[in-house]
Amino acid sequence: DDKVLVRRDAQCQAFIMQSLDEKGNKYYRYQPVSNVTQKATGELDFEVSLACDPLGYLESPSFLQAVGGSTWIQKPHSAKEWLNATYQTDYPDAVVAMFTFFAWDKAHEGLAALRDPDIVVTAARGWSFRSDGEKGTDHGYPLRESAKITFFASGPRIPVGVREEPQRIVDVMPTVLKSIGWPYQEKEMDGRAVDGLYEE
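The sections below set out a description of the structure shown in this document. It should be emphasised that the depicted structure is a prediction, and the values quoted were computed from it without experimental measurement.

### Topic: the pairing of strand β4 (residues 44–48)
And step 1. Looking at chain direction, strand β3 (residues 26–38) and β4 are connected through four bridges and run antiparallel. Looking at β4, one finds that Thr37 is bridged to Asp45.
And step 2. The antiparallel hairpin formed by β3 and β4 contains five residues in its connecting segment, where Gly42 sits at a positive phi of about 100 degrees.

And the structure:
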């Protein structure tokens, strides 16, 4: 329930873990490991290793510059911190996105047998699993080319300019709702309204 395994091969793996603080805020930790095996009891054996991480963060100059070095990953960080640290890497926001995809909401326990995801396989850069002759994919994949999009907004009281800081696509809905004054429950949405996009 508390771990997602990212695997490139036997020597290049990582766990993504989520924790909650006393206020219920979510924090994520990315721990590169190798040689993960599972005992008959379900317990995991593995070796902690910084020799390789499957998302390539520890080899990414933009990541290391954003976080100040490789020791940053030894502690949990908020979703916003992970977004800011990884948005210029090959796998932007993958730590939070992958854990969110695999996390299971207890409120939907009855659907677990049908809907609980167990495994996702992605093709290496330049490869595709498609067999119909098309080049590309039908839906997003975790690489930068798919994960980075541009959001345009226009209208009264929207300041002219460009904002470079990263946001999530799930932030669009609460931003629109807030800008038109529509009431919504912030805790019931994954996204958060983007501040400063709309002049009140």
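### Focus on the packing of aromatic side chains
And step 1. Inspection of the entire model under this criterion finds 10 aromatic pairs.
And step 2. Ring centres of Tyr28 and Phe99 lie 6.0 Å apart, and the angle between their planes is 70 degrees; on these two criteria the pair is classed as edge-to-face. Of this pair, Tyr28 sits in strand β3 while Phe99 is found in helix α3 (residues 94–102), placing the two residues 71 residues apart along the sequence. Taken as a pair, Tyr28 and Phe99 share a single burial class, namely buried.
And step 3. With a centroid separation of 6.3 Å and an interplanar angle of 75 degrees, the aromatic rings of Tyr30 and Trp82 are classed as edge-to-face. Of this pair, Tyr30 sits in strand β3 while Trp82 is found in helix α2 (residues 79–86), placing the two residues 52 residues apart along the sequence. Side by side, Tyr30 and Trp82 carry an identical accessibility label, which is buried.
And step 4. Ring pairing ties together the aromatic residues Tyr30, Tyr57, Phe63, Trp72 and Trp82, which thus form one cluster.

### Structural notes on the pattern of salt bridges
And step 1. Within this structure, the stated rule accounts for seven salt bridges.
And step 2. Taking the shortest distance from any N to any O, the salt bridge between Arg168 and Asp93 comes out at 2.6 Å. Within this pair, whereas Arg168 is found in the loop between α5 (144–147) and α6 (172–179), its partner Asp93 is found in the loop between α2 and α3, the two being separated by 75 residues in sequence. Side by side, Arg168 and Asp93 carry an identical accessibility label, which is buried.
And step 3. Note that Asp195 and Lys178 form a salt bridge whose closest N and O atoms lie 3.6 Å from each other. Taken together, the residues span a long stretch of sequence, with Asp195 in the segment after α6 and Lys178 in helix α6 at a distance of 17 residues.
And step 4. Taking relative accessible area as the criterion, Asp195 reaches 55% and is therefore assigned exposed.
And step 5. For Lys178, a relative accessible area of 40% puts it in the partly exposed group.
And step 6. Connected through shared salt-bridge partners, Lys39, Glu43 and Asp45 make up one network.

### Points about the nonpolar core
And step 1. Of all hydrophobic cores here, the largest spans 23 residues; its most connected members are Ile16, Tyr30, Leu55, Tyr57, Phe63, Trp82 and Val95.
And step 2. Counting residues per element, the ones that place at least two in this core are β1 (3–9), β2 (12–20), β3, α1 (61–67), α2 and α3.
And step 3. Take this core: its biggest share by element is five residues, from α3.
And step 4. Residues in contact with Leu55, not counting those within four places in the same chain, are Val6, Arg8, Tyr30, Tyr91, Ala94, Val95 and Met98.

### Examining the environment of Asp53
And step 1. Within the secondary structure layout, Asp53 lies in the loop between β4 and α1.
And step 2. By relative accessible area, Asp53 is classed as buried at 3%.
And step 3. It is 5.2 Å that separates the C-alpha atoms of Asp53 and Pro32, two residues lying 21 residues apart in sequence.
And step 4. When sequence neighbours within four positions are dropped, the list of residues in contact with Asp53 reads Cys12, Tyr30, Pro32, Leu58 and Glu59.
And step 5. Here Gly56 takes part through its backbone nitrogen, which lies 2.9 Å from a polar atom of the side chain of Asp53.

### Some thoughts on the pairing of β2
And step 1. Here six bridges tie β1 to β2, and the two strands are oriented antiparallel to one another. Within β2, the position partnered with Val6 by the bridge is Ala14.
And step 2. Between β1 and the antiparallel strand that follows it, β2, lie two residues.
And step 3. In the sheet, β2 pairs with β3 via eight bridges, with the strands oriented antiparallel. Opposite Gln18, over in β3, you have Tyr28 as the bridge partner.
And step 4. Linking two consecutive strands that pair antiparallel, namely β2 and β3, is a turn of five residues; a positive phi of about 90 degrees is found at Gly24 within it.

Conventions adopted
Residues numbered from 1 in each chain as written. Predicted model: local features only at pLDDT ≥ 70, side-chain atom pairs only at ≥ 80, totals over all residues. Heavy atoms only, no water. Pairing = 2+ DSSP bridges. Helix = DSSP H or I, 4+ residues; strand = E, 2+ residues; numbered from the N terminus. Phe/Tyr/Trp six-rings, centres within 6.5 Å; stacked < 30°, edge-to-face > 60°. Buried < 20%, exposed > 50% of the residue type's maximum accessible area, 1.4 Å probe, protein only. Salt bridge = Lys/Arg side-chain N within 4 Å of Asp/Glu carboxyl O. Core = buried A, V, L, I, M, F, W, Y, C linked by side-chain atoms within 4.5 Å. Contact = heavy atoms within 4.5 Å. Polar contact = N/O pair within 3.5 Å; in protein donor to acceptor, adjacent residues only side chain to side chain.

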